[in-house]
Amino acid sequence: MIGPKDIFKIMSNLVVIYLAGGLILVSAYAFTSPIVAKNDANKKNQVLKSMIPGSEKVVKLGDWTISDKTAEYYKALAANDKIAGYIIETYGKGYSSNIHSMLAVDPSMRIVNITILSQAETPGLGDEVESKWFKGQFIGKNLSNMEVVKTTGTDKIQALTGATISSRAVVNSEKAALEFLEKAIQTTSSTAVDSSIQAVAGATKATATNASQAGKQ
Amino acid sequence: MMTKLRNRDLVIRGLIQENTIFRQAISLCPAIAVTSNLRNGLMMGLAVMFVQAMVNITVASIRQFIHPRIRLPIFMLVISGWVTIVDMFMSAFVPEVQAQIGLYIQLIVAFASILAGAETFASKNKPVAAFFDGIGRGAGFLIALAFISAVREILGKGSLLGMPILAGSKPLLIMVLPAGGFITAGVLMALFNFLDSKYQKKSEALAGSAE
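Residues numbered from 1 in each chain as written. Chains lettered and ligands numbered in written order. Predicted model: local features only at pLDDT ≥ 70, side-chain atom pairs only at ≥ 80, totals over all residues. Heavy atoms only, no water.

A separate point is the overall build of chain B. Helix and strand counts for chain B come out as eight helices and two strands. Starting at the N terminus and ending at the C terminus, chain B contains elements arranged as α-α-α-α-α-α-α-β-β-α. Relative to its full complement of 211 residues, chain B shows a buried share of 45%. Relative to all contacts within chain B whose residues are 6 or more apart in sequence, the contacts with residues 24 or more apart total 74%. Of the roughly 10400 Å² of accessible surface on chain B, a fraction of 72% belongs to carbon and sulfur atoms. (Helix = DSSP H or I, 4+ residues; strand = E, 2+ residues; numbered from the N terminus. Buried < 20%, exposed > 50% of the residue type's maximum accessible area, 1.4 Å probe, protein only. Contact = heavy atoms within 4.5 Å. Areas by Shrake-Rupley, 256 points an atom, 1.4 Å probe, with all protein chains shown as cover.)

Printed below as a string of C-alpha cells:
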C-alpha cells in the first residue's frame, strides 16, 4: 500500500514544510522581538512615572524575589528631592498565570496606586483583577488590610465573584511586597546611610541580621 | 471535488447553512469560554476569521504537493504557524489589543473549526475559493460569538461593550459563568434553527404557489 515512492514523498514533504515553517517563524520572531522588548520597556517606564502623582523622578533601589521571580523596587522623588513614595514590582501565582503587578505607596506605607502589568487569568472572571473596582479597593489601605474576604462592608479586600484564586494571588503578592518594602526601608533609615543604590541592594540581608539581633536582645 | 459555488455563495454558506457554532456545533469551547462580554467575543471572532482565511489560502496553495497520509500534521503546522505569526505581530504593533486577547489568540491553534475548514474545503479547492470559504466560516463564527456574548453581557453584567445599560437591576451572575454560556449557546442555537426552518417552509410555499 505504501511504497518507497510514498515514503520518499512523505519525508520530503515533512522536511520541506517544517523547514519552511521554521524559517518563517524565526524571521517573524527576529523582526518583532526587538519591537516587543522596546514596547515592554516603554510601558514599564510609563507606568513607573504615572504611579505616584507629583513624583518627578523614579530611582531604582534594588531587586527582590517573589514567586521565583526577580522583581525591582524604586523610590519616587518629588520636585524638591523629597521622597514622594515607593514603587515595587511583584508577582502572584494566580489560577492560570503569574499576575505581574506594580504597587505604589506613600512614605507612610499606604497604598496610593496599583497597576496590573500582565496576567492571563480566565477571561471574564479572573481577568477582572484589572477592573477599576477591584484595584480601587486597594487605594488608601495598608498591610493590615491585605486579606481576601467574600463579604461586603469590611476594610479588607473583597474577592471577585467566581475568581477567589486570582483575587487572593493579587492580594498575597501585594502583601508580600508591602512586608518586604517596610523592612527594606526601615533598614535604610535606621542605618542612616544615604539611600544609595548599593546600600539598599543589601537591605534584605541587613534586615535578616537586624531581626536576629533583635531576637537575641 | 472542486466546488462549483460562486464566491458570494461560499461566504453565505459559511454564515448560515454551515454556521460553525449554530449548525455544525464545533468549536463550542471558545464560544463558551470567551463570550462573557461582547468585546472579547468580537475580538476572538475577528482573529478566527483572519486565521481561517490565511490557513485556507496556504493549504489550498500547497495541496498538490502534500501526500494525503500526512496532510493533518501539515495542516496543524500551517495553523499554528499562522497563529504564532498573528500573535507576534500583534504584540509588536498593537500591544494594547494583544494584552487583552493574546490568550485567546493562542487558543485558536486548537480550534476544530479551523482544521475542519482546511480538511473539508481548502485541501480540495483553489486558493481564491478557499479564501472566500474561510471568510464565510470566520464570519459565521464571529456573528455567533457576537450574539452569544451580547446576550451574556447584557444579562450577566447589565452592560454592553462595558457601558451600563440595565442600571439598577441586579445582574444574573450565572450568565457570566460557564453554565450561562451553555444555556445561551443552546437557546440561540435553537432559535437560529427555528427561524431557519420557518424561512425554509416559507420559501417552499412560495415556490409551490408559483408553480
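Now that the structure has been shown, the text picks up again.
Bringing the sheet that holds strand S5 (residues 111-118) of chain A into the picture now. All names here are of chain A. Pairing within the open sheet is antiparallel, and its five strands lie in the order S1-S2-S3-S4-S5. At either margin of the open sheet sits one strand with a lone partner, and together these are strand S1 (57-66) and S5. Put simply, the sheet's adjacent strands are angled 20° from each other on average, direction ignored. Relative to strand S4 (residues 98-105), strand S3 (residues 83-93) is paired through eight bridges, and the arrangement is antiparallel. The partner of Glu89 across the bridge, within S4, is Met102. (Pairing = 2+ DSSP bridges. Axes fitted to C-alpha atoms, helices over the stretch in contact; angles between N-to-C directions.)

All names here are of chain A. Over its 48 residues, helix H1 (residues 4-51) extends 67 Å from the first C-alpha to the last, a length consistent with the 70 Å expected when each residue adds 1.5 Å. Taking the largest bend as the criterion, H1 deviates by roughly 35°, centred on Thr32, and proline Pro34 comes between one and four positions later. Buried within H1 are the following residues: Ile10, Asn13, Ile17, Gly21, Ala28, Thr32, Val47, Leu48 and Met51. (Expected span 1.5 Å × (residues − 1). Bend = angle between axes of the 7 residues up to and from the residue.)

The subject of this paragraph is the interface of chain B and chain A. Contacts between the two partners involve 28 residues from chain B, matched on the other side by 27 residues from chain A. For the pair chain B and chain A, the summed buried surface comes to about 2300 Å²; carbon and sulfur atoms form 73% of the total. Between the two partners, chain B and chain A, sit one salt bridge. Taking the shortest distance from any N to any O, the salt bridge between Lys157 of chain B and Glu128 of chain A comes out at 3.6 Å. (Buried area = accessible area lost by both parts, 1.4 Å probe. Salt bridge = Lys/Arg side-chain N within 4 Å of Asp/Glu carboxyl O.)

Attention now goes to the pairing of S1 of chain A. Of the pairings in the sheet, the one linking S1 of chain A to strand S2 (residues 69-77) of chain A comprises nine bridges and is antiparallel in character. When the sheet's bridge partners are listed, Lys57 of chain A is paired in S2 of chain A with Leu77 of chain A.

On to the packing of aromatic side chains. The geometry of two aromatic rings is summed up by the distance between their centres and the angle between their planes. The tally for this structure, following the rule as stated, stands at 11 aromatic pairs over all chains. With centroids separated by 5.0 Å and ring planes inclined at 80°, the aromatic side chains of Tyr73 of chain A and Phe180 of chain A adopt a geometry described as edge-to-face. Of this pair, Tyr73 of chain A sits in strand S2 while Phe180 of chain A sits in helix H3 (residues 164-190), placing them 107 residues apart in sequence. For the pair shown, Tyr73 of chain A and Phe180 of chain A are each scored as buried. Summarising the aromatic geometry, the rings of Phe111 of chain B and Phe141 of chain B are spaced 5.9 Å apart at their centres and angled 45° between planes, so their arrangement reads as tilted. Taken together, the residues span a long stretch of sequence, with Phe111 of chain B in the loop between helix H5 (95-107) and helix H6 (112-120) and Phe141 of chain B in helix H7 (residues 127-157) at a distance of 30 residues. (Phe/Tyr/Trp six-rings, centres within 6.5 Å; stacked < 30°, edge-to-face > 60°.)

Another aspect to go through is the environment of Trp133 of chain A. If you trace the backbone, Trp133 of chain A turns up in helix H2 (residues 132-136). With residues near it in sequence (within four places) discarded, Trp133 of chain A still touches Gln158, Ala159 and Leu160 of chain A.

On to the pattern of salt bridges. Using the criterion set out here, one finds 13 salt bridges over all chains in the structure. Between Glu72 of chain A and Lys44 of chain A there is a salt bridge, with its nearest N and O atoms 3.1 Å apart. Of this pair, Glu72 of chain A sits in strand S2 while Lys44 of chain A sits in helix H1, and the two are 28 residues apart along the sequence. Put simply, Asp9 of chain B and Arg8 of chain B hold a salt bridge, and the shortest N to O gap is 3.8 Å. Judged by its relative accessible area of 22%, Asp9 of chain B falls in the partly exposed class. A cluster of three or more residues bridged by salt bridges with shared partners is formed by Lys44, Lys60, Asp63, Glu72 and Glu89 of chain A.

Turning next to a nonpolar patch on the surface. A contiguous nonpolar patch, built from Leu155, Leu172, Ile174, Ile183 and Val187 of chain B and spanning about 420 Å² of accessible area, is present on the exposed surface. Inspection of the secondary structure assignment puts Ile183 of chain B in helix H8 (residues 178-210). (Patch = residues over 30% accessible without salt bridge, like charges linked within 9 Å, V, L, I, M, F, W, Y side chains within 5 Å.)

A few words now on the confidence of the model for chain B. Predicted confidence across chain B gives a mean pLDDT of 86, with 97% of residues reaching 70 or more. Per-element confidence in chain B ranges from a low mean pLDDT of 77 for H5 of chain B to a high of 92 for H7 of chain B. (pLDDT = per-residue confidence, 0-100.)

Moving on to the packing of helix H3 (residues 38-62) of chain B against H6 of chain B. Residues and elements named next belong to chain B. For the pair H3 and H6, interaxial distance at closest approach is 9 Å and the crossing angle is 30°. Taken together, H3 and H6 sit at an angle that is classed as roughly parallel. Considering only the axes of H3 and H6, their crossing is right-handed. Listed contacts from H6 to Val48, Val51, Gln52, Val55, Asn56 and Val59 of H3 are Ser113, Ile114, Gly117 and Ala118. Class assignment of the residues belonging to the contact of H3 with H6 gives a composition of six nonpolar, four polar and no charged. (Parallel < 35°, antiparallel > 145°, perpendicular 65-115°, else oblique. Left-handed = near helix turned anticlockwise from the far one by under 90°. Nonpolar A, V, L, I, M, F, W, Y, C, P; charged D, E, K, R; others polar.)

Our focus in this paragraph is the packing of helix H1 (residues 7-17) of chain B against H7 of chain B. All names here are of chain B. Close contact between H1 and H7 brings their axes to 7 Å; oriented N to C, the two are set at 30°. Comparing the axis directions of H1 and H7 gives the class roughly parallel. Crossing handedness for the pair H1 and H7: right-handed. In this structure, H1 contributes Asn7, Leu10, Val11, Arg13, Gly14 and Leu15 to the contact, and H7 contributes Val128, Ala129, Phe132, Asp133, Gly136, Arg137, Ala139, Gly140 and Ile143. By residue class, the composition of the contact of H1 with H7 is eight nonpolar, four polar and three charged.

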